[in-house]
Structure formats: structure tokens, C-alpha cells
Amino acid sequence: MFGTLSQRLQQTFQRLRSRGRLTEQDVDAALREVRLALLEADVHFRVVKEFIQRLRERAVGEEVLHSLTPTQMVIKLVHQELTQLMGGEAVRLQLTGQPTVVLLVGLQGAGKTTAAAKLAGWLQRDHHRPLLVAADVYRPAAIRQLQVLGEQLHVPVFEQGTDVPPVTIATQGVTHARLHGYDVVLIDTAGRLQIDEAMMAEVREIKSQVQPQEILLVVDAMTGQEAVNVASQFNEALQLTGVILTKLDGDARGGAALSIRKVTGAPIKFVGVGEKLDALEPFYPDRMAARILGMGDVLSLIERAQSTLDQKEAREVGERLARNSFTLEDFLVQMQQVRRLGPLDQLLGMIPGFDRLAGHHPELGQQGEQQMRRVEAIIRSMTPQERRQPGLIDASRKRRIAAGSGTTVQDVNRLLKEFDQVRSLMKQVSGQAKRKGAVPKGLRFPF
Amino acid sequence: MRWWGRKVTTELEQPQIPLVKPASPLATPAESAAAGGSAEPPDRPGKSWLARLRAGLNRTRQAIFAPLAELGRHGRIEPEVYDRLEEALLAADVGVTTTAALLGRLRQEVKEQGCTQTEQLLPLLRQAITAELGEVPVGLQTAAQPPTVYLFVGVNGAGKTSTIGKLAAQLRRQGQRVLVGAADTFRAAAIDQLEVWTRRAGVDLIKHQEGADPAAVAYDAVAAGKARGFDYVLIDTAGRLQNKENLMKELSKMRRVIERENQSPPAETLLVVDATTGQNGLQQARLFTEAAGVTGLVLTKLDSSAKGGIVLAIAHELHLPVKLVGVGEGLDDLQPFSPLDFAQALLPDWQVDSGADGPV
């Protein structure tokens, strides 16, 4: 996500960092890079202009030039301003209606139908009873698409074919929900251009008939400068309550996210991050800003780690580490913990600075995944005693382990050698830690 | 039908119940009747796409090109004139690098020709743009031996399926025998959507089940195209984001399968790009070309207020020509690309939107 923007800013600041002291000209040079990066990230050029102006005022002021760590200060400023630009705090859905009516609108191909289904799934996991309403009577098979997705989620889809005007479908859908006890109604509308007056009149009519609590604009993360016009005109016509940013699992830098909030005031509430129906996440402006700056999405990672890592296991491993009795069994446990967090390439993307590395080696994540599976197989083919005392493993045992794990003796050798290296490295580290009287925190988790 | 015995359905004038029915109160009768499928959105007059672009701008009185309106008031060429032009190009998604290159070229021309007045600038800049895009429109290639195979690729929601539907209808009307391969086996109801389009167009469809191997669909489409003497085989693929390595490999495989079966690569591999796409379009063009050997672009949704300037950046950096533009939802709203019209729409004369307010 937002890959190249963070790369650009990192480059700029690295150049500054190497000099140590800032002059006004240095700040200007950095700001020029920030401007270019933002423009290339599809942030609207007027938003960029304003952003840079504000940044310059703060950067050239006392704050930065007289700071002891000026570059850190600039990074902090850019981060603060970016966060603010994207709306500061995360904003949740308002589920206050009885039923709550949510209207999804947007251009053709933005991902409304998929977003509607994902949102239904999300609500369902949150213990709501959602109803999907198929009000796109124009695009061929749009209703069918929603029905298929609804079936996959076991969420009912209200439809009346394509003979009935969308306004009627929407109102009857809401009535249907009220009668049958659904608490959230998600209305999927046809894609429309914001300059198409007849189609905009139609969606305004839907709005006035169903009185939705939430009107969400669905926007493709790849959208360019046009995002501003689209968002501001949809907002003018419908008074948006929020935005869903889709296809953020691509490599688009997503500058649209920065501009839309700026011009509409409507917060981004969700982001679509994959083709699967559960690939919808709440949008956190501060995390996204951190990510843009190459600080990694550390918060998301920690949150995920906390919900999946077995704290007790982790602590035990940490203690054994400190006692220097780390075994292949512990190694296996650690690896399983990491894998429980999710696909490796996704995890790596969240680690600060890794996007630069991954940019050159996109295959890294997948290879790592394979490697991990192989290592796991090898360790599992060992007896418990072998895992605790790798010294026992002789040539014959190696052949057995290789055959059992579907690998070669060379693979087994490599693993044993690497494990040995890791262990001696840990010995050093824990030795240092002991002298300082503490177990190094960073070693408890393998990232 | 084929040696591995997978069930292949071929559709030929099947009197089925349409999945979606016409006669929405909003649809014009003619369009609904012609479509025989789903309802058409309202208000789609047959105008040239340039006219439509302008109409769009005037109707909403929104002017991305307000910077140019100010330009008209200047007489002599001053430094800030270039700033306004830069903004205009950036606002159209042309991108920083290409904009810098175009303006560099403009400055040089101005110097060489000794221009002094701002009104001389726009024609020069338009010339630079058309030079970048290739002065002459590049048509679609056909194969020496029929069938001519076109493979359509692109990210999700770019408009591949609709483009195929429109192209199939136009070729059919020219008396060509057209077969469409439904190789988007991933997205829910993608096959149904293509089915509606092919029925409207009156052309044949090769399809498997949802979730089937798309390369197998492509193989069957090409094999059937050869065996039954079709002139054109158009193959739809699932939308995919270009950073999904496995999905891109799937595309490479489809291309290989087509090449092996047809003894030649697809006559065109067309990357479908949405006109609202920003700078990510460049990355799309790069990676899709790497995986599938893209030969040209289709720029869709140009009836929006977006300018599609990204194709200029793609032409500048990767030399991929634009072959077709989509300007609406009707069957005829797919047209050959004209660099001259495009440059004119990108940089309209300042009278067009003078006095309008900017978008922010």
C-alpha cells in the first residue's frame, strides 16, 4: 500500500539525515521531493499545494531549524499533517436506524457490489442481521453477482428483477427489512457518472425515499486527480457520510484517500484489501500516514499479533531464550506463531523499511512462505529427542528425516547449521542482556 | 468436446429467458429493444466523443482547466504561464515526469520559433502531445490467418467485459463471424454479464463453469474459432491487480496456451484502462506488458469528466499506443482513438471554460 510515496520520502530524508543540520534551503529541497511524491501518488494538485504551504510554514519556523533533531522533526510534521489530511481519527458506521439504511454509490467499476457484500459480511460478524438490496438494474448481471455473493455469505438478497425502477426496489427493500427483522439494509446502486444528471437525479430520489443513515461513496484507490471532482460532486448531490476505498491491496499509492476527505469532509470508513469477501478493514488515518512515511503499519501488526499470538507460549520461549536452552521445538513454536498471523508477504509489508526491500524482490514473501513450510516439515520429521538435542542427528538419522519430510539431506544439514548459528547468536544477545539485567524485549517475538 | 472431456457450452441464438429484462421506465424504447437485455441508463445521445467531453464540462460548469482560463488574459508569455499549463496537465493525470518532458519541449519550441504570445502556446503543446501519442491513429491488427485473437486484460472494474461486448457487436455488424471466450471464471456472475452482452451483439460464446481454469477456456475458444471458421475470437479475462504475482502468471499461461494452439500470439493483447486512473496506470501498463505482452490500450469511461491523461504518460514511457476509446454504455460507444481529438479535449481552448470555478 502506498509503496512508492514512502520510498520517496525516505530517500529525501535520508539525504537530509546524512548532513545533520538543516538550512532553509534544505527544507525547501525536502518539500520539493514531498510535493513530487504526493503528485505521483495522485494527491490532487491543489491539495498538494496547500499541504506544502502549511508544511513549509511549520518546517521553516523555529520548530525545525532550531531543533536538535531537525530531520526527525520534519518527519514528525509530515506525519502529523498527513494524518490530519486523512481525517485524524477513525470513524465508525452509524448504526442507529431501525433498520439502519446504508446507500452505496459511485462510478462504474469502483467496486460497489463487492463492497456491499463485504460490508454485509462484516456486519454479520459483528452480530447484525444485514439485508442486501439489488438496485442496479442497468449493468448486465449485476443482480446475479450480488445474489452469488449473498449466497456465499448466507446473507439474503432482496431483488425485483430489472423491470422495477431502482427507487421502488430500494423502498420496498427497506420495507421488507422492517417486516422481517433485518437491522441493516445495504442498497447496491448502479454505477453512475457524477456529471450524468438523469442518473444523479435518480439516486437523489432514492435517498429522499429511503432516508439512509449512511451514504457511502465507493472509490477505487487507483483513481487519479478526478477523485476530487467525483467525491465533491457526489457529496454535493447526496451529502456523503463516508467513503469506502477499494482495491487498496494493489500497488496504487492511493493519493485519492488524501484528497477526498480534504474536499468533502466525509471520512474514509473502510478499505477493501483483497478479493476475498472478508477482505474489508476499518480505515485508520494515523496508521496509514505512518505507512506512507515508511514507518510501517506497526500498530496493525501489533494488534494482530496480540489477537493471535499465544502469550504464554511466547513468554516461555522468551524465558528459555534467556536460559540459553532454545531448542528446535521452540523454533517450531515460534514459526507457527508467526504463520498464524497471516500470509508472510502481507506481514512483511507491515514491517518498517521492508517495502523497499520487497520492491526489489516481490517474490520474497512467497519464497519465505515455502521455506517456512519446508523447515516445518523437516522439524516435524524429527523425534522429540532429536529436536531437543540436535547433536544426536547423524547421517542415518538425516537420511530418515529427509525422506520423512520430502526434502534432501542437504536441506536438513542447512537447517541444522542455521539453527546452530541462531543459537550462538542468541547466546551472545542474552549474555549481553544478562549483564544489563533484562531480557531484550525484541526477542520475544520473532519480528 | 475436447480431449479432456470438460463440458463446453456454446451459445447460438438460444431463446432463453433474459437474465435481466428491459423496460425500465428510464430506458429509451429503442435502446431497450436493441439490447434485448438489461435496461440502459438514460440520456445517451449519439454525439462525437469530443462533443460529449465538452458537453460534460459545460453542463457541470466544472473546469479543471480554470488555470487555462486565466491564461487567456495574459498577452505575453511569462513564467507563470508555464505553471498554469503544468497544473492543467497534472490535473489531467498526465503525471510529473511526462508533464516536465512536454513543457521542456514546449519551452524549446517557443525559443526556436520566437513565440511571444500566450495564444501560440496551446497549439504547440497540443502538437507535442500528438507527437507523443503518434500522429496517426493506430488501428487494431488482424492475423494473417483467421481467426484473429484479441486478449483483453486489466485491473478489476476497468471495463473489459463491456468493451468486449461493444467490439463484438461492431465486428458482427461489419459481417464478421465473432466468437467470445468467457475466461473470467473468477468474479461472481461475470459469465452471465458477458452472456447478456453477446446475446445483444448476436455473437457466439464459449464458456465453462465459474471457477474453471481460464487457460482452458481460452484454449477452447481458440480451438473452436479455428475449427468453425470464425474471423475473430475475443477473450475476456478476470480483472486482476498487477501486483498479484500468481494471477499475472495465470495470464502468461493463457497467452502461451493461445499462442501454442493458434501458432501465433494474440493479434492484440489489449490493456483496458479506466480514464479516471491515476499514476498507477503506468505500473499497470508495465506489469501487464511483462506478463501478457500488451500491444495497445483501450481507454474506457472517457465520457466522464476525467481526461485519461495517464495514457499520455504510458505512451511517453512505454510507447504503447491507444487503440480504442469507450465513451458511453451503448453498443456504439466504442470508437477508434484519435490523438488529435484527444489533445484537443485535454487542452481545450480557454474560451470553453473561462469564468468557471476550480474544483477545490
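Right above here is the structure, for reference.
Small disclaimer: the values here were computed from a predicted structure and weren't measured.

S.K.: Quick question: what am I supposed to make of the overall build of chain A here?
M.R.: Helix and strand counts for chain A come out as 21 helices and eight strands. For chain A, with 447 residues in total, the buried portion stands at 55%. In chain A, once contacts between residues fewer than 6 apart in sequence are set aside, the share between residues at least 24 apart is 75%. Approximately 19600 Å² of chain A is accessible, and the part contributed by carbon and sulfur atoms is 50%.

S.K.: Would you explain the overall build of chain B in this entry?
M.R.: Helix and strand content of chain B: 13 helices and nine strands. Among the 360 residues that make up chain B, the fraction classed as buried is 60%. Contacts spanning at least 24 positions in sequence make up 76% of the contacts within chain B whose residues lie at least 6 apart. With an accessible surface of roughly 13800 Å², chain B has 50% of that area assigned to carbon and sulfur atoms.

S.K.: What is the right way to look at empty space enclosed by the protein in this model?
M.R.: Any empty space left between the atoms is revealed when a probe the size of a water molecule rolls over them. Under the counting rule described, the total for this entry stands at seven cavities of 30 Å³ or more. Taken together, 24 residues make up the lining of the largest cavity; nearest its centre are A:Leu107, A:Asp220, A:Thr223, B:Asp274 and B:Thr276. Per-element tally for the lining of the largest cavity: the top contributor is strand β5 (residues 214–220) of chain A, with four residues.

S.K.: Before we go on, may I ask you to explain the packing of aromatic side chains in this structure?
M.R.: Given two aromatic rings, their pairing is described by the distance between the two centres and the angle made by the two planes. Applying the stated criterion across every chain, the model contains three aromatic pairs over all chains. Measuring from centroid to centroid gives 5.7 Å for B:Tyr150 and B:Tyr232, while their planes differ by 55°, and the two rings are tilted. In this pair, B:Tyr150 is assigned in strand β2 (residues 148–153) and B:Tyr232 in strand β5 (residues 232–237), connecting sequence segments 82 residues apart. Overall, the relative accessible area of 2% leaves B:Tyr150 in the buried class. Relative to B:Phe342, the ring of B:Phe337 lies with its centre 5.4 Å away and its plane at 55°, an arrangement referred to as tilted. A residue is classified by how much of its surface remains accessible, and B:Phe337, at 2% relative accessible area, is buried. B:Phe342 sits in the buried class, given a relative accessible area of 2%. Taking the ring centre of A:Tyr182 as reference, the NZ or CZ of A:Arg129 above it sits at 4.5 Å. A cation sits over an aromatic face here: B:Arg200 above B:Trp197, 4.6 Å from the ring centre.

S.K.: Can you help me understand the pairing of strand β7 (residues 296–300) of chain B in this one?
M.R.: Two faces make up the sheet, and in a regular strand the side chains alternate between them. All names here are of chain B. Buried residues dominate β7, accounting for five of its five residues. Side chains Gly296, Val298 and Thr300 project from β7 onto one buried face, and the interleaved Leu297 and Leu299 project onto a second face that is buried too. Two elements, strand β6 (residues 268–274) and β7, share five bridges in a ladder whose sense is parallel. From the neighbouring strand, Leu270 faces β7, where its bridge partner is Gly296. Note that the unit made of β6, helix α11 (residues 280–292) and β7 has a crossover that is right-handed. The pairing of β7 with strand β8 (residues 322–326) spans three bridges and is parallel. When the sheet's bridge partners are listed, Val298 is paired in β8 with Leu324. Between β7 and its parallel partner β8, the chain crosses via helix α12 (residues 310–318), and the hand of that crossover is right-handed.

S.K.: Any chance you could explain the pattern of salt bridges here in plain terms?
M.R.: Working definition: two side chains of opposite charge can pair if their charged atoms are close together. The full count for this structure, using the stated rule, is 28 salt bridges over all chains. Here A:Asp249 ties to B:Lys244 by a salt bridge, and the two come within 2.4 Å at their closest N and O atoms. Residue A:Asp249 is located in the loop between β6 (242–246) and α11 (255–264), and its partner B:Lys244 is located in the loop between β5 and α10 (245–262); the two belong to separate chains. The class of A:Asp249 is buried, set by a relative accessible area of 15%. Taking relative accessible area as the criterion, B:Lys244 reaches 23% and is therefore assigned partly exposed. With a closest N to O distance of 2.8 Å, A:Glu386 and A:Arg397 form a salt bridge. On the criterion of sequence distance, the pair formed by A:Glu386 in helix α19 (residues 384–388) and A:Arg397 in helix α20 (residues 395–405) is long-range, its members being 11 residues apart. One salt-bridge network, in which partners are shared between bridges, spans A:Lys49, B:Arg84 and B:Glu87.

S.K.: Help me understand the sheet that holds strand β2 (residues 130–135) of chain A in this model?
M.R.: Each strand in a sheet pairs with another by means of backbone hydrogen bonds, the pair being arranged parallel or else antiparallel. All names here are of chain A. The strand order β3-β2-β4-β1-β5-β6-β7-β8 describes an open sheet built from eight strands, whose pairing is mixed. Looking at which strands have only one partner, the edges of the open sheet turn out to be β3 (157–158) and β8 (280–282). Inspection of the sheet shows β2 paired to strand β4 (residues 184–189) by six bridges, in the parallel sense. If you follow Ala134 over to β4, its bridge partner there is Asp188.

S.K.: What should I look at first to understand the nonpolar core in this one?
M.R.: The tendency in soluble globular proteins is for nonpolar side chains to be buried as a group. Residues and elements named next belong to chain B. Counting residues in each nonpolar core, the largest one holds 100 residues, and the members touching the most others are Leu89, Leu106, Ile129, Val180, Leu234, Ile235 and Leu299. Per element, the largest residue contribution to this core is eight residues, and it comes from helix α9 (residues 214–227). When residues no more than four places from it in sequence are discounted, the contact partners of Leu106 are Tyr82, Leu85, Leu121, Leu124 and Leu125.

S.K.: Honestly, the pairing of strand β7 (residues 268–272) of chain A in this entry has me stumped. Any pointers?
M.R.: Residue and element names in this part refer to chain A. Among the five residues in β7, five count as buried, and that is most of the element. Of the strand pairs in this sheet, β6 and β7 are connected by three bridges, and their pairing is parallel. By the bridge assignment, Leu245 is partnered in β7 with Val271. Crossover connection from β6 via α11 to parallel β7: handedness right-handed. Relative to β8, β7 runs antiparallel, the two sharing three bridges. Its bridge partner being in β8, Val271 is matched across the sheet by Glu281.

S.K.: What exactly am I supposed to notice about unusual backbone geometry here?
M.R.: A negative phi holds for most residues other than glycine; trans holds for most peptide bonds. With an omega dihedral of -5°, the bond running from A:Gln98 to A:Pro99 counts as a cis peptide bond. Within the element layout of this structure, A:Pro99 appears in the loop between α5 (70–85) and β1 (100–106). A cis geometry characterises the amide bond from B:Pro146 onward to B:Pro147, with omega recorded as 5°. Note that B:Pro147 resides in the loop between α6 (121–133) and β2. The backbone of A:His154 sits at a positive phi, close to 60°, despite the residue not being glycine. Relative to the helices and strands, A:His154 resides in the loop between α7 (142–153) and β3. Of note, the phi angle at B:Asp93 is positive, near 70°, even though the residue is not glycine. You can see B:Asp93 is positioned in the loop between α4 (79–91) and α5 (96–113).

Conventions adopted
- The written sequence of each chain sets the order in which its residues are numbered from 1.
- Chains and ligands are labelled sequentially in the order written, the chains with letters from A and the ligands with numbers from 1.
- For a predicted model such as this one, the threshold for reporting local features is a pLDDT of at least 70, and the threshold for listing and counting side-chain atom pairs is 80 or more; totals across whole chains, interfaces and linings nevertheless cover every residue.
- For the side-chain quantities, the full set of heavy atoms in the structure was used; hydrogens and water were omitted.
- Note on conventions: DSSP H or I runs of at least 4 residues are helices, E runs of at least 2 residues are strands, and numbering of each starts at the N terminus.
- Note on exposure labels: buried denotes an accessible area under 20% of the residue type's maximum, exposed denotes more than 50%, and partly exposed covers the range between, all computed with a 1.4 Å probe on protein chains only.
- Contacts are residue-level and defined by heavy atoms, with any inter-residue pair within 4.5 Å sufficient.
- Surface accessibility in these figures is a Shrake-Rupley result with a 1.4 Å probe; residues are shielded only by whichever protein chains are displayed.
- As defined here, a cavity is a set of points on a 1 Å grid over the protein atoms alone where a 1.4 Å probe fits but cannot get out. A pocket is an open set with protein on both sides within 12 Å along at least five of seven lines, and residues line them when an atom is within 4 Å of a point.
- Grid points are joined across faces, edges and corners, and a volume is the space filled by probe spheres set on the points.
- Note on ring pairs: Phe, Tyr and Trp rings are taken, using the six-membered ring of Trp, and paired if centres are within 6.5 Å. Classes follow the plane angle, with under 30 degrees stacked, over 60 edge-to-face and the rest tilted.
- In this scheme, Lys NZ or Arg CZ marks a charge over a ring once it lies within 6 Å of the ring centre and within 35 degrees of the ring normal.
- The rule for pairing is simple: two strands pair if DSSP sees at least two bridges between them.
- If you view a crossover with the strands going away from you and the path from the first strand over the helix to the second runs clockwise, you call it right-handed.
- Salt bridges are identified by distance alone: a Lys or Arg side-chain nitrogen within 4 Å of an Asp or Glu carboxyl oxygen.
- To define a nonpolar core, start from buried Ala, Val, Leu, Ile, Met, Phe, Trp, Tyr and Cys residues and group those joined through side-chain atoms within 4.5 Å.

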